[in-house]
Structure formats: structure tokens, C-alpha cells
Amino acid sequence: MFNLNRRKFLRSTVVGATALSGLGLPENGLAQNQNPATFPEPARNLPIKGEVDVLVCGGGPAGIAAAISAARAGARTQLLEIHGCLGGVWTAGLLTYIFDFNKPGLTKEIIKKLDERDARRNKVPDQFVYAPDEMKVLLEEMCTEAGVKFLLHTRVAAAYKDKNQVTTVITESKSGRQAWKAKVFIDTTGDGDLGAQAGNSWEIGRGGDTCPCQPLTLNTLAVVKDAAALKPYISFYQDDNGKANMDWHVKATKAFMSEINRAGITPSYGMPTLFLIRDNLVMVMVNHEYNIKAFDADEITEATVRARAEVYNIVRGLNKLGGPWEGIQIVATPEQIGIRDGRRIHGRYTVTKDDLAMGARHEDAVVRPTFGVDIHASDRKTNETETISRGGIKMKPYDIPLRALIAKDVDGLMMAGRCISGDFTAHASYRVTGNAVAMGEAAGVVAALAAKSKRLPHEVEWSEALAVLTKLGMRGS
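Since the structure is predicted, the reported quantities are computational estimates derived from the model, not experimental observations.

Chemist: I'd like a description of the overall build of the protein, backed by residues and values.
Modeler: The helix and strand inventory of the protein stands at 12 helices and 20 strands. For 477 residues, the compact-globule estimate of 2.2 N^0.38 gives 23 Å, and the protein sits close to it at 24 Å. Projected onto its principal axes, the C-alpha coordinates of the protein cover approximately 75 × 65 × 40 Å. Counting all 477 residues of the protein, 53% fall into the buried class. Considering only contacts within the protein whose residues lie at least 6 apart along the sequence, 70% involve residues at least 24 apart. For the protein, the separation between the mean place of its 59 positive charges and that of its 54 negative charges on side chains is 3 Å.

Chemist: Residue-level account of unusual backbone geometry, with values.
Modeler: Positive phi, normally seen in glycine, also occurs at Asp279, with a value near 50°. Relative to the elements of secondary structure, Asp279 occurs in the loop between strand 12 (273–278) and strand 13 (281–285). We classify Asp279 as exposed; its relative accessible area is 57%. Look at Asn291: it is not a glycine, yet its phi comes out positive at around 55°. Looking at the secondary structure, you find Asn291 in the loop between strand 13 and helix 7 (297–321).

Chemist: Got a sec to walk through the domain arrangement of the protein? Specific residues and values, please.
Modeler: A common way to report how large an interface is uses the accessible area buried once the components associate. Domain boundaries in the protein define domain 1 (48–210 + 341–472) and domain 2 (216–339). The gap between the C-alpha centroids of domain 1 and domain 2 is 27 Å. Contact with domain 1, which involves 35 residues of that partner, is made by 31 residues of domain 2. Carbon and sulfur atoms make up 56% of the surface buried where domain 1 meets domain 2, a total of about 2700 Å² over both sides. Here Arg278 ties to Asp118 by a salt bridge, and the two come within 3.6 Å at their closest N and O atoms. Our enumeration of links across domain 1 and domain 2 arrives at 10 residue pairs in polar contact (both at pLDDT 80 or more). Going through the elements one at a time, strand 4 (120–124), strand 5 (127–130) and helix 9 (380–385) are the ones with two or more residues in the side of domain 1 that touches domain 2. Top element by residues in the side of domain 1 that touches domain 2 is strand 4. It accounts for four residues. Considered class by class, the residues forming the side of domain 1 that touches domain 2 number 14 nonpolar, 11 polar and 10 charged.

Chemist: An account of the packing of helix 2 (residues 61–72) against helix 11 (residues 433–452) is needed here, citing residue identities and associated values.
Modeler: Packing of helix 2 against helix 11 leaves a shortest axis separation of 7 Å and a crossing angle of 35°. The two elements helix 2 and helix 11 meet at a crossing, and its hand is right-handed. Facing helix 2, whose interface residues are Pro61, Ala62, Ala65, Ala66, Ser69 and Ala70, helix 11 presents Thr433, Ala436, Val437, Gly440, Glu441, Gly444, Val445 and Ala448. Here the residues of the contact of helix 2 with helix 11 are counted per class, giving nine nonpolar, four polar and one charged.

Chemist: Residues and numbers for the sheet that holds strand 4, please.
Modeler: Two orientations exist for strands paired in a sheet by backbone hydrogen bonds: parallel and antiparallel. What the three strands build is an open sheet, ordered 3-5-4; its pairing is antiparallel. Of all the strands in the sheet, just strand 3 (97–98) and strand 4 have a single pairing partner and so form its edges. Note that strand 4 and strand 5 share three bridges and pair antiparallel. Note on strand 5: the bridge partner recorded for Val124 is Gln127. Across the sheet, helix 3 (residues 106–116) lies against strand 4 and strand 5, angled at about 135° from strand 4, the strand it touches most.

Chemist: Would you mind going over the packing of aromatic side chains in detail, with residue names and values included?
Modeler: As enumerated under the stated definition, the model contains eight aromatic pairs in all. Relative to Phe101, the ring of Trp90 lies with its centre 5.9 Å away and its plane at 70°, an arrangement referred to as edge-to-face. Here Trp90, found in the loop between strand 2 (77–80) and strand 3, pairs with Phe101, found in the loop between strand 3 and helix 3; they are 11 residues apart in sequence, far enough to count as distant. Residue classification places Phe101 among the buried positions, given a relative accessible area of 1%. A ring pair is formed by Tyr97 and Phe99, whose centres lie 5.0 Å apart and whose planes are at 45°; its orientation type is tilted. Taken together, the ring pairs in this structure connect Tyr97, Phe99, Phe275 and Phe371 into an aromatic cluster. The ring of Phe128 has Arg120 sitting right over it, with the charged end atom 4.7 Å from the ring centre. The ring of Trp202 carries the charged tip of Arg343 above its face, separated from the ring centre by 5.1 Å.

Chemist: Hey, could you go over the environment of Gly327 for me, with residue numbers and the actual values?
Modeler: Looking at the secondary structure, you find Gly327 in the loop between helix 7 and strand 14 (329–332). Since its relative accessible area comes to 31%, Gly327 is described here as partly exposed. C-alpha of Gly327 to C-alpha of Val437: the two residues are 110 residues apart in sequence and 37 Å apart in space. Discounting residues that sit within four places of it in the chain, Gly327 has contacts with Val223, Lys225 and Asn319.

Chemist: Could you give me a rundown of the nonpolar core, with the residues and numbers involved?
Modeler: In this structure, Leu55, Trp90, Met135, Val351, Ile400, Leu405 and Met414 are the most contacted members of the largest nonpolar core, which totals 104 residues. Considering every element that reaches this core, the biggest residue donor is helix 11, with 13 residues. Taken domain by domain, this core gets at least three of its residues from each of domain 1 (48–210 + 341–472) and domain 2 (216–339). Other than its neighbours up to four places away in sequence, Met135 contacts Trp90, Thr91, Ile98, Ile110, Leu114 and Tyr130.

Chemist: Can you lay out the pattern of salt bridges for me, pointing to particular residues and giving the numbers?
Modeler: Two side chains carrying opposite charge are able to pair once their charged atoms lie near each other. A complete count under the given rule lists 26 salt bridges for this structure. The salt bridge partner of Asp364 is Arg403, with a shortest N-O separation of 2.8 Å. Placement of the pair is Asp364 in the loop between helix 8 (353–358) and strand 16 (365–367) and Arg403 in the loop between strand 19 (400–401) and strand 20 (413–415), with a sequence separation of 39 residues. Judged by relative accessible area, Asp364 falls into the buried class, the value being 13%. The class for Arg403 is partly exposed, based on a relative accessible area of 31%. As a salt-bridge pair, Asp374 and Arg431 come within 2.8 Å of each other at their nearest N and O atoms.

Chemist: Pulling in residues and values, what's your account of the state of the cysteines?
Modeler: Applying the stated criterion to the full structure yields one disulfide. Here Cys211 pairs with Cys213 through a disulfide, and the sulfurs are 2.1 Å apart. For the disulfide bridge between Cys211 and Cys213, the dihedral angle about the S-S bond is near 50°, and by the sign convention the bridge is right-handed. Cys85 takes part in no disulfide bond, and the closest cysteine sulfur to it belongs to Cys143, at a distance of 12 Å. With relative accessibility at 2%, the residue Cys85 sits in the buried group. Given the relative accessible area of 0%, Cys143 is considered buried.

Cut-offs applied
Residues numbered from 1 in each chain as written. Predicted model: local features only at pLDDT ≥ 70, side-chain atom pairs only at ≥ 80, totals over all residues. Heavy atoms only, no water. Helix = DSSP H or I, 4+ residues; strand = E, 2+ residues; numbered from the N terminus. Rg over C-alpha atoms; globule rule 2.2 N^0.38 Å. Buried < 20%, exposed > 50% of the residue type's maximum accessible area, 1.4 Å probe, protein only. Contact = heavy atoms within 4.5 Å. Lys, Arg positive; Asp, Glu negative; His and termini not counted. Charge placed at Lys NZ, Arg CZ, Asp CG, Glu CD. Domains from an automatic or database assignment. Buried area = accessible area lost by both parts, 1.4 Å probe. Salt bridge = Lys/Arg side-chain N within 4 Å of Asp/Glu carboxyl O. Polar contact = N/O pair within 3.5 Å; in protein donor to acceptor, adjacent residues only side chain to side chain. Nonpolar A, V, L, I, M, F, W, Y, C, P; charged D, E, K, R; others polar. Axes fitted to C-alpha atoms, helices over the stretch in contact; angles between N-to-C directions. Left-handed = near helix turned anticlockwise from the far one by under 90°. Pairing = 2+ DSSP bridges. Phe/Tyr/Trp six-rings, centres within 6.5 Å; stacked < 30°, edge-to-face > 60°. Lys NZ or Arg CZ within 6 Å of the ring centre and 35° of its normal. Core = buried A, V, L, I, M, F, W, Y, C linked by side-chain atoms within 4.5 Å. Disulfide = S-S within 2.5 Å.

Put into C-alpha cells, the structure is as follows:
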């Protein structure tokens, strides 16, 4: 038996060496004069997994909206998502709280369907708490009903162009590396992964390719014995007029901070917050991870580990206080730490701080954000004195034009969500998910019109897209 196994091993070694020599590589895998710090990956032909009109990369709030609207507009649409569910930060990120959601179109459909499932709380028109797992099922149903083909557990790894137009993306999944072709591509990855891979220019933070940038947060679900007993610490109870009670929110965060401090802990986030999801299920938001590049796997990994350890430490500390905190325990941490500040892909228009200050108006406006500037401290020292900044301006509701959703340097590429073209301050307002949905709707319809008429996105007039959205009941007549 020993000799037989040895012969098999020697035979496999010879075969492997022959294969490497066929690639022009020595047995150690390095070509002559090859840098030992790199590996020369052999070229290979990849199977074309799909060829569609519109390919949407990223299944978060912007991505599901882009895919649904493109499909409803008659385009063959494929949606790719890295996680095991649709919804992005809503679901894999356990956001649980939505802002700037009083918009026409899919936002109203989502609200209606969540209410039918008794999956929404704090029913203020533009913001509310929802149940993340109900959202997962709902989005799958909505995409299926619209005719969207979607694939989970699939990461976009590369993009290729013919001349200046993106034509192909490469994905990696359990099925290996596969190629996808489309007439128009939409980057809804949040962090601008596709735009960067396609060679479009971009920036993060306050400009350039490095931080300082907004911090990350790991939201966490926990159960408590009696949520009513924790009412003084739970944010955004609404008053009789159906408005978010901001005074209550401020008092609740201060009271919650005092309890964490009483447990002997100083959290990394200066405004720790509790949200009631339903019954005795709460969301805990207590941490910041500072100056982490959203596209650096090492940094994201380290930040996630630190954040999870901090959240557990705080929840365990609260439990030891007893009283209303007795029995509090974590039931779920997210698949993906929450990212506020990733790449912003340069487009044909850049939304700026001045646009917010003057309340800019555009003929090709795809959405009008109303959420204020929300800049979380970029380091722990600043967090102690000014946890959240308003950017030094008083924001007026402003328009985001279609041009900010169309890539500047690469043809056939659009963006929706927080990776659109804007500066640091503007991004701190429009990045919330109600605006992401509206941007996705616009990008999806424009992409569908471009693909079906053999045009590029920048050749489609917004008036044409608006007419289609209106016909679909996603905008007012």
C-alpha cells in the first residue's frame, strides 16, 4: 500500500510539473526573472454565464431598485450580490432604521408591503424601523415578480472594456470565475467596486484615495426581557403627530451613554443608540471604527473583529448591571459591517457642498434629498467633542441630476447609491437609503432605455426616462 501511494504521488508530481512547464513556468511556479512577491496567474478562457441588457452589480437598496425598474421597463436584467441575501445594508448590514424614505415609487411599495407583514415600527413618513429578515424575503419576492434574475454569493472581480465602453465583468463564486456581458452596467456596490475595476477615476473621504473618512459601525440585534422597561433609553419614539421625537432621541442617547458608562465602559461612538424593532427585539448601535478604507480587506477584517468584540463587551456589561438590563443578549451580528464612506465614482456632474447650501435645482433631477448633512467624527478624539458634524452649512433640499449617475471616464457605466459622483459633504447627506432607492429607479430605467435602443446612458434624455417611470407608476403624472 505504501509503495502504491508513493507511485501515485510521484506520478501526480510529474504531471503537475509538466503542466507548469506547458505554461512556461518552472516547477516552483515562478517564471524566469519573475518577482517572487507576485504570482503570474495563467490566462484562461472563462464561460460566459449570461448576456443581458442591464447588469446591476450590488443588491443593496440602490441595486434592487435599479434592477426592478430596469426589468419593469422591459430590459433583460441580471442582479449580482456578494452576500446570501438581497438588501445590502438593510439586511446583511442589519441597518434596521431607514431615513429620507418619503419618496414616490418603490419606497411607497416597500412601506405598503412591510405594513402588510406587520414588519415596520415608528411609522414616521420619511423614517422608520423595520424587521431585517422580513425585508430579505420581501425583496426576493419583488425582484422575482419583476422578472429580475439575481445571483447571490457572487463577487464582481474585474471589468473589461472594448475601447472605452465596458462590455464584460468577471465574477467569482462557488461556481468559479465566470464572465457576464451586458449593454449597460450599473455600479450599486456602495463602495464603487465596479467603477474602479473599469478604470473610472474616483475619490474617498475628503478627496484623493486615502482617509480621513467617515467611520464604520457594526449594528447588532439583541433581545431584552422587557423593552417597555428600557423606554427611557430607546430612541425615536414618535409623538401624536407622527413625527420623530428628536428631543426624546437626544435624551435617550444621553441616558443610554450613562448606563454604558455605569458599566465601566466608554464606547467608541459618542451617541450610542437603541432602536426597538418589535416586541423585545432591539438594535444596538454603539461603536465607531475610524479611518478604515472600505476597499481594503485587511482593514475591514480588523475593524469587524474589533467592533464585534466592543459590542459584546458593552452588552455583557449592561447585563451585569441587572435591573431592566438583566438578560439582554446578542442574537445576531451582521454579515457586513456598516460602511458610510467608500469610493465616489467621478461622473458627468459632481454634487457639491454648494449645491446643498443653495438648494440646487436641475432639469434632469432624479431625486431631491431632504436628509441633512451627517458627518460622523473621523477619529476618537473628535468624537468626544463633536460626534456628528453638519459640515458648516444649513442644508436646503437639493436636486441630484442624472449626470451624477453617469460615469465620467467609462462609457456604458452608471452608478446609484452612495458611490455616485459627489463631494465629501454632499455625500454625507444623500448617502441614506431612501435616496439610494430613488437613484436606483432612475438609473435602471435610463439603462433599460439605452440598452433597448442601442444608445449609451448619456445619450438618453431624462424626460424620456421620467415618462417611463410615470407610466410604471413610479413617479407622479
